[in-house]
Amino acid sequence: MKFFVIGDWQAVLGFRLAGVEGVVVTSEAEAATALREAVARKDVGLILVTEKVANSIRDEFDARLYGHGFPLVLDIPDASGPVSGRLTVEDAVRRAVGMNL
Amino acid sequence: MARYEVAPTRTNLLGIKSDLSLVREGHELLEQKRQILLLELKQLTARAADAQKEVDAELARAYAALREALIANGVTGVSSAAETVNVEPKITAIERRVMGVYGTFTTSVWLDEAVARFQDALRAIAGLAEARIAVVRLARAIQRTIRRVNALEKILIPDYEETLKYVQDSLEESDRQALFSLKLVKESLEKASQSVR
């Protein structure tokens, strides 16, 4: 199973140095298309999406993040660091199962 | 709440009593399971939060190294170096860092550093993904357990209790009636014997 990265040019370039394929996206439409195409690939196990890009396609991204499906998705900081106000793991659990810890 | 359709007999009374104690035992066990799973979930969540911090830190280092490499080698230099990197076929392959690999395609220490840092970041990311999946799976298992505990608490046990009460009340009622008719019989017998005398 491969990683695949969707993000800005720095993220894609950096991960390419570690042998990870990726695609640079600069708009919401590009991001949505890239995610759909990456999901459709049989060889990809984990899709990394930089946070700002993930935010632009939040609904679609969350549907995969909290769904049962494969490949998995994960949002990661881009070169400018973690975005403020992102969900903690606890929040993510609460979202995923509608339950307080 | 609803009671089960049973005939109010002593045999059924015994049966319902033993069923009810079985259901209560099951409820107790599920409740214990829920508490154990919740404890485990808290630990797993803490672990996932740590993994998140590690990813953030590793990525910050990786991006910083990339910036240095970009300054030293330019976008074209870094990009052409990136082109020569083989795409890792498997996530598990990331686990081992093959020393000396990066020396073969670049002469820049900055580039070497960026490559190594992004490989470290990938390892941390794989750990985070694993931790998050574990958390969500466990949380779902807890959700199922809670639903079953609730079903026992709010439906099965009350229904059994109501049925038990119905059978008990009916049995008592028929006992009273039997007693009453016995009394009537006794009284009429007494009257009969008095008038005979």
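What you see is a predicted model, and the numbers here were worked out from it, not measured in a lab.

A. Inspection of the overall build of chain A at higher detail. Helix and strand counts for chain A stand at 5 helices and 4 strands. Listing every helix and strand of chain A by position from the N terminus yields β-α-β-α-β-α-α-β-α. Of all 101 residues assigned to chain A, the portion counted as buried reaches 42%. Relative to all contacts within chain A whose residues are 6 or more apart in sequence, the contacts with residues 24 or more apart total 62%.

B. Layout of the overall build of chain B. Helix and strand counts for chain B stand at 3 helices and 0 strands. The order of helices and strands in chain B, counted from the N terminus, is α-α-α. Considering chain B as a whole, with its 197 residues, one finds that 22% of them fall into the buried category. The long-range fraction of contacts in chain B, counting pairs at least 24 apart against all pairs at least 6 apart in sequence, stands at 90%.

C. Structural detail: the packing of helix α1 (residues 9–17) of chain A against helix α1 (residues 10–84) of chain B. Where α1 of chain A meets α1 of chain B, the axes come as close as 10 Å, and the angle between the chain directions of the two elements is 80°. Taken together, the axes of α1 of chain A and α1 of chain B are roughly perpendicular relative to one another. Judged by residue contacts, Q10, L13, G14, R16 and L17 of chain A of α1 of chain A engage A62, Y63, L66, V78, S79 and A82 of chain B from α1 of chain B. A per-class count over the contact of α1 of chain A with α1 of chain B returns 7 nonpolar, 3 polar and 1 charged.

D. Region of the structure containing the sheet that holds strand β2 (residues 21–24) of chain A. Residues and elements named next belong to chain A. Across the sheet, 4 strands lie side by side as β2-β1-β3-β4; this open sheet has parallel pairing. Among the strands making up the open sheet, the edge pair consists of β2 and β4 (72–76). Each strand of the sheet is rotated relative to its neighbour by a mean of 20°, with strand direction disregarded.

E. Molecular detail of the interface of chain A and chain B. Chain A puts 31 residues into the contact, and the matching count from chain B is 38 residues. The set of elements that each furnish at least two residues to the side of chain A that touches chain B consists of β1 (2–7), α1, β3 (44–50), β4 and α5 (89–97) of chain A. Here the residues of the side of chain A that touches chain B sort into 21 nonpolar, 6 polar and 4 charged.

F. Region of interest: the confidence of the model for chain B. Residues and elements named next belong to chain B. With 88% of its residues at a pLDDT of at least 70, chain B reaches an overall mean of 87. Least confident of the elements in chain B is helix α2 (residues 91–94), whose mean pLDDT is 43; most confident is α1, at 93. Throughout residues 89–105 the model reports pLDDT below 50, and contacts reaching past four residues in sequence, or to other chains, amount to 23 contacts. The ipTM for the predicted assembly is 0.91, set against a pTM of 0.77.

G. Looking closely at the environment of L13 of chain B. All names here are of chain B. Mapped onto the elements, L13 comes out in helix α1. Between the C-alpha atoms of L13 and L171, which are 158 residues apart in sequence, the distance is 9.0 Å. Discounting chain neighbours no more than four positions away, the residues touching L13 are V167, Q168 and L171.

Rules used throughout
Residues numbered from 1 in each chain as written. Chains lettered and ligands numbered in written order. Predicted model: local features only at pLDDT ≥ 70, side-chain atom pairs only at ≥ 80, totals over all residues. Helix = DSSP H or I, 4+ residues; strand = E, 2+ residues; numbered from the N terminus. Buried ≥ 20, exposed ≤ 12 C-beta atoms within 10 Å, placed from the backbone. Contact = placed C-beta atoms within 7 Å. Axes fitted to C-alpha atoms, helices over the stretch in contact; angles between N-to-C directions. Parallel < 35°, antiparallel > 145°, perpendicular 65-115°, else oblique. Nonpolar A, V, L, I, M, F, W, Y, C, P; charged D, E, K, R; others polar. Pairing = 2+ DSSP bridges. pLDDT = per-residue confidence, 0-100.

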